[in-house]
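# Topology and contacts: notes
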Amino acid sequence: MSGRVFAIVNQKGGAGKTTITINLAAALAETGARVLLIDADPQHTAADWSAVRESAPPFVLIALPQPILHRDVPKLAVDYDFIVIDAPPRNYEITRSAIAAADLVVIPVQPSGADFWATRETVKLAKEAREFKDTQKSVFLVSRRKGQTALGRDIREALAEFELPLLRADIPDRIAYAEAITNGKTIIESQQNGLGAKDFRVLLAEIKEVIA
Ligand SMILES: Nc1ncnc2c1ncn2[C@@H]1O[C@H](COP(=O)(O)OP(=O)(O)OP(=O)(O)O)[C@@H](O)[C@H]1O
Ligand SMILES: [Mg+2]
């Protein structure tokens, strides 16, 4: 069977897409799965992250920052158990192509009004794609949650308006994530038994339920 494809998309910049893509790929690789990370961002942040590493990442990483993902990913998926696509900000064509390639679209949203409003366009693209691919699922993931603040609860209520499921798991704001990326590491490599590694194992368990 061909690998499952996850696209991490939000047209809003800085939502945490690259952080989530790298660490979700690491959590998948930790289970022994064959994982491909596709850096679809012309800023090539994930590829830059890979370049500062001394050793190869625990998954295969390629850069494909073009709106040909929907065309080429099915062929690549034959060789992997999972493909995780890191989509760019403010790029309609590539975002649309990444969504079209995906079995599961994960839309990370930071708990703030500005991020919530800017997510509307991405939601529209995800809903349009489902009209062509009715097996596709789209979910929200609260990203960079800051403690147990009202903003964190409010974003959950606000997102309900879009009528897409919201994952129970969320990704808190942790300096350890920013440090790991800066050092060319996954959160699992930098703190194998730390809270950040646990966040991604919990997220992966829920994602597996969603695609089961
Ligand atoms: N959960 C988190 N905790 C702390 N810092 C984070 C977290 N997620 C992301 N960051 C930091 O926020 C910044 C933006 O994150 P990231 O690059 O993952 O977002 P992005 O959505 O990929 O951005 P872009 O839209 O530019 O591609 C980075 O400096 C990153 O280290
Ligand atoms: Mg990014």
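Heads up: these notes are all about the structure in this document. Source: prediction; values computed, not measured. (Residues numbered from 1 in each chain as written. Chains lettered and ligands numbered in written order. Predicted model: local features only at pLDDT ≥ 70, side-chain atom pairs only at ≥ 80, totals over all residues. Heavy atoms only, no water.)

### A closer look at the site of ligand 1
Near ligand 1, the surroundings consist of 18 residues, among which Lys17, Thr18, Thr19, Arg144 and Pro172 are the closest. Within the side chain of Lys17, one N or O atom sits 2.8 Å away from an oxygen atom of ligand 1. Note that a nitrogen atom of ligand 1 is positioned 2.8 Å from one of the backbone N or O atoms of Pro172. When isolated, ligand 1 has an accessible area of 630 Å², and the protein chains bury 80% of it. Mapped by element, the contributors of at least two residues to the shell around ligand 1 are helix H1 (17–30), strand S7 (171–172) and helix H8 (175–182). Ranked by residues supplied to the shell around ligand 1, first place goes to H1 with 3 residues. Class assignment for the residues of the shell around ligand 1 results in 6 nonpolar, 6 polar and 6 charged. (Near = heavy atom within 4 Å. Polar contact = N/O pair within 3.5 Å; in protein donor to acceptor, adjacent residues only side chain to side chain. Areas by Shrake-Rupley, 256 points an atom, 1.4 Å probe, with all protein chains shown as cover. Helix = DSSP H or I, 4+ residues; strand = E, 2+ residues; numbered from the N terminus. Nonpolar A, V, L, I, M, F, W, Y, C, P; charged D, E, K, R; others polar.)

### A closer look at the pattern of salt bridges
Summed over all chains, the structure comprises 14 salt bridges. Of the charged contacts, one joins Arg53 and Glu189 as a salt bridge, the two residues approaching to 2.8 Å between their closest N and O atoms. Here the residue Arg53 occupies a position in the loop between helix H2 (45–51) and strand S3 (60–63), and Glu189 occupies one in helix H9 (residues 187–190), the gap between them amounting to 136 residues. For Arg53, a relative accessible area of 11% gives the class buried. A relative accessible area of 38% means that Glu189 is categorised as partly exposed. Glu206 is the partner of Arg168 in a salt bridge, and the nearest nitrogen-oxygen pair spans 3.8 Å. Of the two residues, Arg168 is situated in the loop between helix H7 (150–159) and S7 and Glu206 in helix H10 (residues 195–211); the sequence distance between them amounts to 38 residues. For Glu206, a relative accessible area of 7% gives the class buried. One connected set of salt bridges, linked through shared partners, spans Arg71, Asp72 and Lys75. (Salt bridge = Lys/Arg side-chain N within 4 Å of Asp/Glu carboxyl O. Buried < 20%, exposed > 50% of the residue type's maximum accessible area, 1.4 Å probe, protein only.)

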